[in-house]
Amino acid sequence: TVNIVGDNRFGNVRYWNGTGNRADNGNRLIFEGGGSLTVADVISKKEYDSFSKLTGYYANHFNSAIGATDHGPKGSDGIVINGGIIFAGTTKEENSSAIGGGGNGVGVVTINGGTVTAVAHTTGTAIGGGIGFSSAGGKGYVTITGGNVYAYNLENPHGIPSAAIGGAGSSQSTGSLGKVTITGGNVYAVAVGGTAIGGGSSKTNN
């Protein structure tokens, strides 16, 4: 449980649980409190050049800002937000989901309160499944019961349409499942080319 007090900034908050098949063992990453939490990494190409030929800011490359990574366990089953003012953002160069699964991994997120803003330029999602490219992206299971939720999945350089909230897209595979349940709160979602809320799309397939 993370009790958010005051104003806080981190490059990433890593959490994974399960193998990507919703192998939930009861572990949770729970955010609550009245403070603010900003999660966004900024490392320039010069600082990170030995790892990538991309330009711009990409420290979270394929890894969610809040959630799982592209290495090891990729599923993030059990992110719960009960309160706080939370911003999670990733850049076009990073191609990372903002809140949820790592590369090709499932993302299970529950929002019960607070104000949550997720901004991504990704083949994955702003909130939900992890990025996809040649393989399928991650499935996304998102439940919203309260709070104010703003999710933006803007253009990605690969032209792969994906959801803002839900399942990730893919270039050569089919889009992944996005199961989204909204029973309360205020939700605003925008996606470029994909669904604002729901399943991931595909550039070349179903």
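Taken in spatial order, the 6 strands line up as 3-6-9-12-15-18 in an open sheet, and their pairing is parallel. Either end of the sheet is taken by a strand with one partner, and the two such strands are strand 3 (13-14) and strand 18 (197-198). In the sheet, strand 6 (residues 66-67) pairs with strand 9 (residues 99-100) via 2 bridges, with the strands oriented parallel. Along strand 9, the bridge assignment pairs I66 with I99.

Further remarks concern the environment of F10. Locating F10 in the fold gives a position in strand 2 (residues 7-10). On the basis of relative accessibility, which here comes to 44%, the residue F10 falls in the partly exposed class. Expressed as a C-alpha distance, the spacing of F10 and I66, which sit 56 residues apart in the sequence, is 9.8 Å. If we skip the residues at most four places from it in the chain, F10 touches L37, T38, V39 and A40.

Position of G101 among the secondary structure elements: in the loop between strand 9 and strand 10 (107-111). Between the C-alpha atom of G101 and that of G137, which follows or precedes it by 36 residues, the distance is 9.3 Å. Once residues within four sequence positions are removed from consideration, G101 is found in contact with S64, A68, K74, S76, V106, G107, G128, G129 and G130.

Backbone hydrogen bonds hold the strands of a sheet together, and the pairing may be parallel or antiparallel. The 6 strands lie next to each other as 1-4-7-10-13-16, forming an open sheet whose pairing is parallel. Among the strands making up the open sheet, the edge pair consists of strand 1 (2-4) and strand 16 (178-182). Strand-to-strand twist in this sheet, taken as the mean axis angle between neighbours without regard to direction, amounts to 10°. When strand 7 (residues 76-81) meets strand 10, the two strands line up parallel, connected through 5 bridges. Its bridge partner being in strand 10, I81 is matched across the sheet by I111.

Together, I182, V187 and I197 make up a nonpolar patch on the protein surface, roughly 210 Å² of accessible area in all. The topology assignment puts I182 in strand 16. In this structure I182 comes out as partly exposed when scored by relative accessible area, which is 40%.

What counts and how
- Residues numbered from 1 in each chain as written.
- Predicted model: local features only at pLDDT ≥ 70, side-chain atom pairs only at ≥ 80, totals over all residues.
- Heavy atoms only, no water.
- Pairing = 2+ DSSP bridges.
- Helix = DSSP H or I, 4+ residues; strand = E, 2+ residues; numbered from the N terminus.
- Buried < 20%, exposed > 50% of the residue type's maximum accessible area, 1.4 Å probe, protein only.
- Contact = heavy atoms within 4.5 Å.
- Axes fitted to C-alpha atoms, helices over the stretch in contact; angles between N-to-C directions.
- Patch = residues over 30% accessible without salt bridge, like charges linked within 9 Å, V, L, I, M, F, W, Y side chains within 5 Å.
- Areas by Shrake-Rupley, 256 points an atom, 1.4 Å probe, with all protein chains shown as cover.
- Salt bridge = Lys/Arg side-chain N within 4 Å of Asp/Glu carboxyl O.

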